[in-house]
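# Fold and contact review
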Amino acid sequence: MSIVNIYFHDENIYNVEKKPPEKPPKPPLYHSRFEQQVRQETKSCKDDHRTMGYSKIPLHGPGEFLKKNCGPRFRATKSAPVRLCTSHKPPVPKPNEPRTMDGPAPCQVMKVVDFKKENIQKVVTANPKKPRARYADTRKGDFHDLEKSGLTPIYMCKPKFGKIPQYLTRRKKDLAVQKERLVEETAQQKPRCSYISQEERVELLRGLKQNWEKLQQEYQSLPLLTDTVPKMIRKAKLENNLKQLEKDILTIENNLYIYIYDEEQKDA
């Protein structure tokens, strides 16, 4: 076994990894040849302070300070007085003249009313207030209202006592009309359940057997090898139809009396 000493080599660990490819430099931006001309035209059309004011506000000198009574004064403008009442009031009546209602034209003469006499007359002619009926349930005199207690026959004395209310009579009439209408509709409708005669039963059984014979011939004419999906589907379909026909034939043969119920008429 020999030992080899390597003192000089050109290998570098940084050259082992692959460096990413350098991106190409971007192309220079596009500059129009009319750029300077457009800038000069826009500057020439603009004013210095049309909308935003001065860029730098000019200052007043030290001697131009605000003196007394030199600032702006705002005085209120005088306007014509507004008259709320356009027409003049009527003149004050004299003591000898009779008092009338307000208004320029002659109106009815105001009557002098003595309210004291009117009130006294109303009280004298008014009917006396009847005392409310009460009852005492203790010896100490605890009074209660007699009408609300239920001890007096209040409802028996009313004219409607013991009579049928009008809304009940109207309700009974409406129900009678509805019953008559239902009876008429049911009489017009055909019976949902119908009986099959023996002749129809025999014809139906004969037709089912003929259909079974046709399906049996089709089933027997099928190929022995069912290697494709359509053949398998057709065979399964024929087997299901044959089973259903055999079931129907057995039910008709075992039952002599058959009734048919119309479900379409029920849904309608």
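Residues numbered from 1 in each chain as written. Predicted model: local features only at pLDDT ≥ 70, side-chain atom pairs only at ≥ 80, totals over all residues. Heavy atoms only, no water.

### Let's talk about the side chain of D145
Note the threshold: Per the convention used, a helix needs a DSSP run of H or I reaching at least four residues, while a strand needs a run of E reaching at least two, with both numbered from the N terminus. Buried, partly exposed and exposed residues are distinguished by accessible area as a fraction of the type maximum, computed with a 1.4 Å probe on protein chains only: under 20%, between the cut-offs, and over 50%, respectively. Note on charges: Lys and Arg go in the positive column, Asp and Glu in the negative column, and His and the chain ends are not counted at all. Should a side-chain nitrogen of Lys or Arg be within 4 Å of a carboxyl oxygen of Asp or Glu, the pair is scored as a salt bridge. Pairs of N or O atoms are called polar contacts if they sit within 3.5 Å, as long as, within protein, a hydrogen donor faces a hydrogen acceptor (for residues adjacent in sequence, only side-chain-to-side-chain pairs). Contact between two residues is taken to exist if any of their heavy atoms lie within 4.5 Å; hydrogens are not considered.
One can find D145 in strand β2 (residues 143–145). Despite its burial, D145 remains without a salt bridge, the nearest opposite charge being carried by R132 at 4.2 Å. A polar contact is formed between the side chain of D145 and the backbone nitrogen of E147, at a distance of 3.4 Å. Ignoring anything within four residues of it in the chain, the contact list for D145 reads R132, A133 and Y135.

### With respect to the nonpolar core
Stated precisely, the cut-off is as follows: We define the nonpolar core as a collection of buried residues of types Ala, Val, Leu, Ile, Met, Phe, Trp, Tyr and Cys that are connected through side-chain atoms lying within 4.5 Å of one another.
Counting residues in each nonpolar core, the largest one holds 11 residues, listed as I196, L205, L208, L215, L222, L238, L242, L245, I249, I252 and I258. Those elements that provide at least two residues to this core are α4 (198–220) and α5 (229–254). Examining the composition of this core, we find that five residues originate from one element, α5, more than from any other.

### Topic: the packing of aromatic side chains
What counts here: Aromatic contacts are taken between Phe, Tyr and Trp rings whose centres are within 6.5 Å, Trp giving its six-membered ring; a plane angle under 30 degrees counts as stacked, one over 60 as edge-to-face, and the others as tilted. For a Lys NZ or an Arg CZ to count as sitting over a ring, it must be within 6 Å of the ring centre and within 35 degrees of the ring normal.
The full count for this structure, using the stated rule, is two aromatic pairs. Between the aromatic rings of Y195 and Y259, the centroid separation amounts to 5.3 Å while the plane-to-plane angle is 50°, which identifies the pairing as tilted. Of this pair, Y195 sits in strand β3 (residues 193–196) while Y259 is found in strand β4 (residues 258–261), placing the two residues 64 residues apart along the sequence. Assessed through its relative accessible area of 39%, Y195 is described here as partly exposed. Here the aromatic cluster, defined as three or more aromatic residues joined through ring pairs, consists of Y195, Y257 and Y259. One cation-aromatic arrangement involves K67 over F65; the distance from NZ or CZ to the ring centre is 5.5 Å. When the ring centre of F143 is taken as reference, the NZ or CZ atom of R134 above it lies at 4.6 Å.

### Let's talk about the pattern of salt bridges
Overall, the coordinates contain three salt bridges when judged by the stated rule. A salt bridge links E35 to R39; the shortest N-O distance between them is 2.9 Å. Taken together, the positions of E35 and R39, both in helix α1 (residues 35–45) and four residues apart, correspond to about one turn of that helix. Residue classification places E35 among the partly exposed residues on the basis of a relative accessible area of 27%. Overall, the relative accessible area of 46% leaves R39 in the partly exposed class. E253 is the partner of K209 in a salt bridge, and the nearest nitrogen-oxygen pair spans 3.5 Å. Highlighted residues: K209 in helix α4 and E253 in helix α5, separated in sequence by 44 residues. Taking the relative accessible area as the measure of exposure, E253 reaches 36% and is therefore partly exposed.

### Brief notes about a nonpolar patch on the surface
Formally: Residues enter patches when they are more than 30% accessible in relative terms and free of salt bridges; like-charged ones are connected within 9 Å and nonpolar ones (Val, Leu, Ile, Met, Phe, Trp, Tyr) within 5 Å. Working definition of accessibility: Shrake-Rupley area with a 1.4 Å probe, residue cover restricted to the visible protein chains.
A surface patch of nonpolar side chains, about 470 Å² in accessible area, is lined by I154, Y155, M156 and F161. Following the sequence through the fold, I154 ends up in the loop between β2 and α3 (166–188).

### Considerations on the side chain of R201
Tracing the chain through its elements places R201 in helix α4. Notably, R201 is buried but unbridged: the nearest opposite-charge side chain belongs to E253, and the N-O separation is 7.5 Å. Beyond its immediate sequence surroundings of up to four residues, R201 is in contact with I196, I252, E253, N255, L256 and I258.

### Some points on the confidence of the model for the protein chain
Quick reminder of the rule: Every residue is assigned a pLDDT by the predictor, reflecting its confidence on a scale from 0 to 100.
Put simply, the protein chain has an average pLDDT of 81, and 85% of its residues get 70 or more. The spread of mean pLDDT over the elements of the protein chain runs between helix α6 (residues 263–267), the lowest at 60, and helix α2 (residues 115–125), the highest at 92. Scored below 50 in pLDDT, residues 103–107 makes three contacts in the model with residues more than four places away or belonging to other chains.

### Here's the deal with the packing of α4 against α5
Rules: Between the N-to-C directions of two axes lies an angle of 0 to 180 degrees, each axis being a line fitted to C-alpha atoms and, for a helix, fitted only over the stretch in contact. Between 65 and 115 degrees an angle is taken as roughly perpendicular, under 35 as roughly parallel, over 145 as roughly antiparallel, and anywhere else as oblique. Left-handed describes a crossing whose near helix is turned anticlockwise from the far helix through less than a right angle; right-handed describes the clockwise counterpart. In this classification, Asp, Glu, Lys and Arg are treated as charged, Ala, Val, Leu, Ile, Met, Phe, Trp, Tyr, Cys and Pro as nonpolar, and every other residue, Gly included, as polar.
For the pair α4 and α5, interaxial distance at closest approach is 10 Å and the crossing angle is 155°. Regarding the angle of α4 to α5, the classification is roughly antiparallel. Note that α4 runs across α5; the crossing there is left-handed. Together, R201, L204, L205, L208, K209, N211, W212, L215, Q216, E218 and Y219 of α4 and K235, L238, E239, N241, L242, L245, E246, D248, I249, I252 and E253 of α5 make up the contact between the two elements. Residue composition of the contact of α4 with α5, by class: 11 nonpolar, three polar and eight charged.

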